[in-house]
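Structural characterization, general
Okay, here's what each chain looks like letter by letter:
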Amino acid sequence: AVADHLAADVSSVVGNSFAFAALKEAGDVVTWGDAGFGGDSSAVADRLAAGVSSVVGKSFAFAALKEAGEVVTWGHAVCGGDSSAVADRLAAGVSSIVGNGLAFAALK
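Residues numbered from 1 in each chain as written. Predicted model: local features only at pLDDT ≥ 70, side-chain atom pairs only at ≥ 80, totals over all residues. Heavy atoms only, no water.

**So, the nonpolar core**
- Core analysis: the biggest nonpolar cluster contains 12 residues, these being A19, A21, L23, V29, V44, L48, V52, V55, F62, A64, V72 and W74.
- When residues of this core are traced back to their parent elements, those giving at least two are strand 2 (19-24), strand 4 (52-58), strand 5 (61-66) and strand 6 (71-75).
- Sort the elements by how many residues they give to this core and strand 2 lands first, with three residues.
- What V44 contacts, discounting residues up to four positions off in sequence, is V72, T73 and W74. (Core = buried A, V, L, I, M, F, W, Y, C linked by side-chain atoms within 4.5 Å. Buried < 20%, exposed > 50% of the residue type's maximum accessible area, 1.4 Å probe, protein only. Helix = DSSP H or I, 4+ residues; strand = E, 2+ residues; numbered from the N terminus. Contact = heavy atoms within 4.5 Å.)

Written out as structure tokens, the structure is:
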């Protein structure tokens, strides 16, 4: 269960309106809460398994910044959880992420 993954080595926790994401010291991410709003990150689990340096949570979605500058998003698709339309621009070179109620922006 999620509790087992949160028992040790959690470096930070962020939330949105319906879910949470914990960044572990090893660079992996654990999520829980409402599945449709980011509590279920199974669609991007392979990309969140290692190398994550920070996570941002806003309203209904999450965005993770990986050490190589890649951005991974999940949660409600219309509110920033689906970045597939700009995936090529988020694959590398991003230095920071910010979010508002309905979207995320990446600084390169």
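Alright, that's what it looks like, and here's the rest.
**Focus: the sheet that holds strand 5**
- An order of 4-5-6 is seen for the three strands of this open sheet, with the pairing classed as antiparallel. Taken across any chain shown, the strands that pair with only one partner, and hence form the sheet edges, are strand 4 and strand 6. Ignoring which end each strand starts from, the neighbouring axes of this sheet average 20° apart.
- Here five bridges tie strand 5 to strand 6, and the two strands are oriented antiparallel to one another. Of the residues in strand 6, the one forming a bridge with A63 is T73. (Pairing = 2+ DSSP bridges. Axes fitted to C-alpha atoms, helices over the stretch in contact; angles between N-to-C directions.)

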